[in-house]
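Each chain, written out:
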Amino acid sequence: ADAACTPLPVLGRDVLVPLVTGGEVTYAALDYAASAPALQRVWDDVAAYAPYYGSVHRGAGYLSQLSTELFEQSRQAVADFLNCREGDQVVFTRATTDSLNLLASALPEGTHVYVFETEHHASLLPWRARETTYLDAPRSPEQAVATLEEALHQAPKGPKLVCVTGASNVTGEIWPVRRLAEAAHRHGARIVLDAAQLAPHHPVDLRELGVDWVAFSGHKLYAPFGAGVLAGRADWLQRAEPYLAGGGASRKVARRADGGVDVEWQAGPARHEAGSPNVIGAYSIASACRALTEAGFDRLVARERELLGRLTAGLAEVPEVRVLSLFGDDADRVGVLSFVVDGWNSSHFAAALSAEYGIGVRDGLFCAHPLLRTLLGGEDDEPGECGAPEAAPGERSLNAIRVSFGAGTPDEHVERFVRAVR
Ligand code: PMP
C-alpha cells in the first residue's frame with residue numbers, strides 16, 4: 001500500500017518558479033499529456049550511455065558497434081513492452097505524428113480509412129489523401145463500437161484501415177480498443193492504435209488488444225529526446241516505398257545505362273528509418289519501457305486512480321467547473337481531464353494558475369478542434385493551430401483547460417491544483 005502511494009522520481013521536481021504574488025514555489029507540472037517529465041532512472045541510463053554513443057549501422061569502430069547493438073536491443077525492449085507478435089516490426093520514428101504519417105504513406109492502393117472525428121489532429125489528418133470516412137463522436141464506448149460496425153458494414157471492397165486513439169488527449173477517456181479491433185477484423189479491416197496518451201498510463205499489449213499497429217511518443221512516456229515508435233504488422237510496411245528516401249533505407253544504389261539511378265530498398269525496419277538513427281532517443285524509450293514495467297502498471301494505475309479521485313472530487317465542489325466528457329460520469333479515464341469554468345476565459349484561468357500558484361497546465365483546443373467543438377458547442381472562431389480564440393472575461397469560453405498527470409506526480413501537486421481552482 002505504501003509503494004502504491006509513492007510517485008516515481010522524475011526530473012524537474014525541485015524547479016523553482018517565481019509567483020506574481022512574490023516569492024517562489026516548486027513547479028507543479030500538470031501537463032503530462034503534452035510532454036511528461038523524464039524519469040530520473042531514464043535520465044541516469046542515458047547519462048551512463050551518452051559518452052559512448054556513436055553512429056548506428058555505420059562504423060567499424062567499437063562505439064559504433066556498441067551503439068548498433070544498443071539500438072537493436074532497444075528495438076527488442078520496445079517489442080517486449082508491447083508484447084509484439086511473431087513477425088511484428090518496431091520502427092523508430094520521431095514521435096506519434098511521424099509514426100501515423102509513416103503508416104499513412106504505406107497504405108496499399110485504394111485503402112479506405114475510418115476515423116472518429118474525436119481524434120487528435122495527428123490521427124485525424126494523415127489520411128486525408130485517401131478515401132476517408134469520418135465517424136461522428138460517440139456518446140458511450142458501446143456507441144463507438146456500434147458506429148464503427150455500422151460504417152464497416154457498408155464498406156467498399158478492398159483494404160480498409162481504422163485509426164483510433166486509446167485514451168483521449170482531451171477527456172482522458174479510455175476507448176474500447178479491443179472491441180473496436182474485433183469489429184474491424186470482423187469486417188476485414190485493419191486497425192492502428194494511437195497510444196500517445198494510453199501507453200504512459202496503461203499496458204499496451206498488442207496480443208491482448210488485437211490491434212495491427214500501435215504508435216506512441218517517447219516524450220509522453222517519461223523518455224526525453226525526439227523519438228517515437230510505430231510497431232505492428234510488417235507486410236504493408238515492407239511492400240511500401242520507404243517513408244524517407246536516403247541512406248540506411250537503401251541496400252544498393254547504382255547508375256543505370258540510361259543515366260538514371262536504380263535503388264534496391266532495405267527490408268525490415270531500416271526501410272523506413274532512413275538517415276542516421278536517433279540512437280539516444282531509441283535507448284531512452286527502451287529505458288522508460290523497462291522502468292515502467294519494473295514499477296508495475298498495477299501500481300501506477302492504482303496510484304493514478306487515487307489522484308484522479310481526489311481531483312474529480314475537488315473539482316466537483318466548485319459549481320462553476322464543468323468537466324468535459326463524451327462518455328459520461330462512469331467513464332474510465334487516464335490522468336487527463338479537461339474542463340471549463342463559468343465566467344472565466346480558459347486562457348486567463350490557466351495563466352492565473354501559472355502566475356499565482358506555479359502550476360503548469362494547458363489551455364486551448366488541444367489539437368482536437370472537431371472534438372472541442374462537439375464538447376463545448378458553438379461555432380469555430382478561427383482559433384490558431386492548437387490555440388484558442390480570445391473571449392472577454394465573463395464570456396463563454398471557446399477553449400478549455402486541461403490538467404494531466406502521471407507516474408511522477410506527488411499528492412501535493414493535485415492538492416495545490418484543487419485549492420487553486422477553488
Ligand atoms: N495523439 C495524441 C492522442 C496526442 O495526445 C498527441 C500529442 N498531443 C499526439 C498524437 C501527437 O504526438 P507527438 O506530438 O508526440 O507527435
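Residues numbered from 1 in each chain as written. Predicted model: local features only at pLDDT ≥ 70, side-chain atom pairs only at ≥ 80, totals over all residues.

Colleague: Break down the overall build of the chain for me, citing the residues and quoting the values.
Modeller: Scanning the chain for helices and strands turns up 13 helices and 17 strands. For 422 residues, the compact-globule estimate of 2.2 N^0.38 gives 22 Å, and the C-alpha radius of gyration of the chain, at 22 Å, lies within 12% of that figure. Dimensions along the principal axes, computed over C-alpha positions, put the chain at roughly 75 × 55 × 45 Å. Restricting the contact set of the chain to residue pairs at least 6 apart, pairs at least 24 apart contribute 70%. (Helix = DSSP H or I, 4+ residues; strand = E, 2+ residues; numbered from the N terminus. Rg over C-alpha atoms; globule rule 2.2 N^0.38 Å. Contact = placed C-beta atoms within 7 Å.)

Colleague: I'd like a rundown of the site of the ligand, residues and numbers included.
Modeller: Every one of the 14 residues lining the ligand counts as a neighbour, but Ala-95, Thr-97, Asn-169, Ala-196 and Ser-217 are closest to it. Of all elements in the fold, only α3 (96-105) and α4 (121-124) reach the threshold of two or more residues within the shell around the ligand. Grouping the amino acids of the shell around the ligand by side-chain chemistry returns 5 nonpolar, 8 polar and 1 charged. (Near = placed C-beta within 6 Å. Nonpolar A, V, L, I, M, F, W, Y, C, P; charged D, E, K, R; others polar.)

Colleague: Before we move on, can you summarise the sheet that holds strand β7 (residues 160-165) with the specific residues and values?
Modeller: The strand order β4-β10-β9-β8-β7-β5-β6 describes an open sheet built from 7 strands, whose pairing is mixed. With partners counted over all chains shown, the strands left at the sheet margins are β4 (89-93) and β6 (131-135), one partner each. Strand-to-strand twist of the sheet, defined as the mean angle between neighbouring strand axes without regard to direction, takes the value 20°. Two elements, strand β5 (residues 112-116) and β7, share 4 bridges in a ladder whose sense is parallel. Looking across to β7, one finds that Tyr-114 is bridged to Val-162. Its contacts with the sheet place α3 against β4, β8 (190-194), β9 (213-217) and β10 (228-232), and it is angled at close to 40° to β10. Each of β5, β6 and β7 touches helix α5 (residues 141-153); the most contacted strand, β6, lies at about 150° to it. (Pairing = 2+ DSSP bridges. Axes fitted to C-alpha atoms, helices over the stretch in contact; angles between N-to-C directions.)

Colleague: Quick one: what's the story with helix α11 (residues 346-357), residue by residue and with numbers?
Modeller: One full turn of an α-helix is made of 3.6 residues, so residues set three or four places apart face in the same direction. Given a rise of 1.5 Å per residue, 12 residues ought to cover 16 Å, and the 16 Å separating the end C-alpha atoms of α11 matches this to within 8%. Along α11, the positions that sit buried rather than exposed are Ser-346, Phe-349, Ala-350 and Leu-353. The buried residues of α11 occupy one face: seen down the axis, they fall within an arc of 100°. Of the surrounding secondary structure, the elements contacted by the buried residues of α11 are β14 (336-341), β15 (359-360), β16 (362-364), β17 (400-404) and α13 (411-421). The positive-phi residue at the C-terminal boundary of α11 is Gly-358, with phi of around 70°. (Expected span 1.5 Å × (residues − 1). Buried ≥ 20, exposed ≤ 12 C-beta atoms within 10 Å, placed from the backbone. Arc of directions from axis to C-beta.)

Colleague: Before we move on, could you go through the packing of α5 against helix α6 (residues 177-186) and cite the residues and values that matter?
Modeller: α6 packs onto α5 with a crossing angle of 10° between their chain directions and a minimal axis gap of 10 Å. It follows that α5 is roughly parallel to α6 by the angle criterion. When you trace α5 past α6, the crossing you get is right-handed. Contact residues: Ala-144, Val-145, Leu-148, Glu-149 and Leu-152 in α5; Arg-179, Leu-180, Ala-183 and Ala-184 in α6. (Parallel < 35°, antiparallel > 145°, perpendicular 65-115°, else oblique. Left-handed = near helix turned anticlockwise from the far one by under 90°.)

Colleague: So what about the domain arrangement of the chain? Which residues, and what values?
Modeller: Assigned domains of the chain: these are domain 1 (3-38 + 296-421) and domain 2 (43-294). For domain 1 versus domain 2, the distance between C-alpha centres works out to 28 Å. At the interface, 32 residues of domain 1 touch 32 residues of domain 2. Counting residues per element, the ones that place at least two in the side of domain 1 that touches domain 2 are α10 (297-316), β14 and α12 (369-376). (Domains from an automatic or database assignment.)

Colleague: Just give me the short version of the environment of Ser-217, but keep the residues and values in it.
Modeller: Here Ser-217 lies in strand β9. By the C-beta count within 10 Å, which is 28 here, Ser-217 ends up buried. When the C-alpha atoms of Ser-217 and Gln-197 are compared, they prove to be 8.8 Å apart, with 20 residues separating the residues in sequence. Among all residues touching Ser-217, those that are not within four sequence positions of it are Ala-95, Thr-96, Ala-196 and Gly-228.

Colleague: Quick rundown of the nonpolar core? Include the residues and the values.
Modeller: Within the largest apolar cluster, 116 residues are counted, with the highest numbers of intra-cluster contacts made by Leu-180 and Val-214. It is helix α9 (residues 279-295) that contributes the most residues to this core, 10 residues altogether. Both domain 1 (3-38 + 296-421) and domain 2 (43-294) contribute no fewer than three residues apiece to this core. With residues up to four places along the chain from it excluded, the contact list for Leu-180 reads Ala-144, Val-145, Leu-148, Val-162, Val-164, Trp-175 and Ile-191. (Core = buried A, V, L, I, M, F, W, Y, C linked by C-beta atoms within 7 Å.)

Colleague: Summarise the confidence of the model for the chain; cite the residues concerned and give the values.
Modeller: Of the residues in the chain, 94% have a pLDDT of 70 or more, and the chain-wide mean is 94. Low pLDDT, under 50, characterises residues 382-388; the stretch is placed with 18 contacts to residues that sit more than four places away or in other chains. The ipTM for the predicted assembly is 0.99, set against a pTM of 0.95. (pLDDT = per-residue confidence, 0-100.)

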